[in-house]
Amino acid sequence: MGILEVKGINKRFGGLQALGDVNLSVEENTVHAIIGPNGAGKSTLLNVLVGKLIPDSGSVMFDGQSVLGRKPHEINQMGISRVFQTPEIFTDLTVFENVMIPCFAKRDGAFRMHAIESIVSEKGIRAQAEEMLADVNMLEKRDMLTSSLSRGDKRRLEMAMCLVQDPKLLLLDEPTAGMARADTENTINLLKEIRTKRGITMAIIEHDMNVVFSLAERITVLAQGTPLVEDIPENIKGHPKVREAYLGEAQV
Ligand SMILES: Nc1ncnc2c1ncn2[C@@H]1O[C@H](COP(=O)(O)OP(=O)(O)OP(=O)(O)O)[C@@H](O)[C@H]1O
Ligand SMILES: [Mg+2]
């Protein structure tokens, strides 16, 4: 029994079956990659897991409790955090202020923008935010406005904003998308360090096979909304069904 158990999820958008009978089991303390061509339904599945989308049928159990029917912030409080495909950060605040917001929301269960000045002055929260920024190598950029950050920095900031919530499960939707090689390598190392230090279970969606094979202990291949294969990385490499799904795309 995994920490996350997804069973028989279906989701249609009009005439399109975006998810068709998706089953997924993510074991505690592992990195599980979900791969597949563009439009396979990967982000849709993540949206279901975090309460942004209600599926037409199926069940999602996390840590023994049902996720479906809960609001995103309730699922967040259950211990699921995610790094979005497009980073969601406050562009008119600094790096440091952005990380303090989830610290504050975790403690008090709510956050109002006008409270930012009182949050900044709280020592405990400052210390937590500093630790998280150090963990993602962003401490020296703490006073920069996030609008001036590079794509890689924005991703790292978002990771810090997730980690500060002390999640049991971290969902990452293409954490290296659009990054240069060096930044991608940094992100791989960072995720390895986070895993070693905090032992967080991770589910990662990724197109870069170097990232997938560097991090994942299990891989699920989605194609046209349905899982084709789930196995250890050695068995996914060169698997005929996987090659077929990716025909003309990334080499697996
Ligand atoms: N809100 C929506 N309304 C209608 N169709 C949608 C919606 N969200 C996603 N889709 C469609 O569902 C399918 C799956 O989309 P999804 O974003 O989950 O794919 P993906 O595997 O994440 O792709 P990518 O690798 O490009 O990010 C696509 O055909 C997409 O166009
Ligand atoms: Mg996607």
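All of these numbers come straight from a predicted model, not from anything done at the bench. (Residues numbered from 1 in each chain as written. Chains lettered and ligands numbered in written order. Predicted model: local features only at pLDDT ≥ 70, side-chain atom pairs only at ≥ 80, totals over all residues. Heavy atoms only, no water.)

What follows is about the site of ligand 1. Ligand 1 sits among 14 residues. The nearest are N38, G39, K42, T44 and H207. Interatomic distance of 2.9 Å between a side-chain N/O atom of N38 and an oxygen atom of ligand 1. Here an oxygen atom of ligand 1 sits 3.1 Å away from a polar atom, N or O, in the main chain of A40. Within the complex, 60% of the 630 Å² of free accessible area of ligand 1 lies under protein. Put simply, the parts of the chain that give the shell around ligand 1 at least two residues each are β2 (16-26) and α1 (42-49). Residue composition of the shell around ligand 1, by class: 5 nonpolar, 7 polar and 2 charged. (Near = heavy atom within 4 Å. Polar contact = N/O pair within 3.5 Å; in protein donor to acceptor, adjacent residues only side chain to side chain. Areas by Shrake-Rupley, 256 points an atom, 1.4 Å probe, with all protein chains shown as cover. Helix = DSSP H or I, 4+ residues; strand = E, 2+ residues; numbered from the N terminus. Nonpolar A, V, L, I, M, F, W, Y, C, P; charged D, E, K, R; others polar.)

Here we come to the sheet that holds strand β5 (residues 65-66). Spatially, the 4 strands line up as an open sheet ordered β2-β1-β4-β5, and their pairing is antiparallel. At either margin of the open sheet sits one strand with a lone partner, and together these are β2 and β5. Alignment of strand β1 (residues 4-13) against β2, held across 7 bridges, turns out to be antiparallel. Residue pairing across strands places K11 opposite L19, the latter belonging to β2. (Pairing = 2+ DSSP bridges.)

With the rule as written, the count across this model stands at 15 salt bridges. Close ionic contact of E217 with R195 constitutes a salt bridge, the shortest N to O distance being 3.1 Å. Pair noted here: E217 is in the loop between α8 (209-215) and β9 (218-223) and R195 is in helix α7 (residues 181-198), with a separation of 22 residues, a long-range link. (Salt bridge = Lys/Arg side-chain N within 4 Å of Asp/Glu carboxyl O.)

Another point: the sheet that holds strand β7 (residues 169-173). Strand order in the open sheet made by the 6 strands is β6-β7-β8-β3-β9-β10, with mixed pairing throughout. Unpaired on one side and paired on the other, β6 (80-83) and β10 (226-231) mark the two borders of the sheet. Recorded for the sheet is a direction-independent mean angle of 20° between the axes of neighbouring strands. Note: β9 against β10, 5 bridges, orientation antiparallel. The residue of β10 that forms the bridge with A223 is T226. On top of the sheet, α1 reaches β3 (31-35), β6, β7, β8 (201-205) and β9; it is set at about 150° to β7, its chief contact. Contacts between helix α6 (residues 151-163) and the sheet are confined to β6 and β7, with β6 contributing the most and set at about 175° to the helix. (Axes fitted to C-alpha atoms, helices over the stretch in contact; angles between N-to-C directions. Contact = heavy atoms within 4.5 Å.)

Further remarks concern the pairing of β1. The turn joining β1 and β2, which pair antiparallel and follow one another in sequence, is formed by 2 residues; a positive phi near 60° is taken by G14. Pairing of β1 with strand β4 (residues 57-62), which is carried by 5 bridges, proceeds in the antiparallel orientation. Counterpart to N10 in the pairing with β4 is S57.

Bringing the packing of helix α5 (residues 123-135) against α7 into the picture now. Relative orientation and spacing of two packed helices are given, respectively, by the angle between their axes and the distance between those axes. Closest axis-to-axis distance for the α5/α7 pair is 11 Å, and the angle between their directions is 130°. The orientation of α5 with respect to α7, classified from their angle, is oblique. Taken together, the residues of α7 that come into contact with α5 (itself represented by E131, M132 and D135) are L190, K197 and R198. A class-by-class count of the residues in the contact of α5 with α7 yields 2 nonpolar, no polar and 4 charged. (Parallel < 35°, antiparallel > 145°, perpendicular 65-115°, else oblique.)

What follows is about the side chain of D231. By the secondary structure assignment, D231 is in strand β10. In this structure D231 is buried but unpaired, with R218 as the nearest side chain of opposite charge at 4.4 Å. A distance of 3.1 Å separates polar atoms of two side chains, one belonging to D231 and the other to N235. Not counting the four nearest positions on each side in its chain, D231 is found in contact with R218, I219 and I236. (Buried < 20%, exposed > 50% of the residue type's maximum accessible area, 1.4 Å probe, protein only. Lys, Arg positive; Asp, Glu negative; His and termini not counted.)

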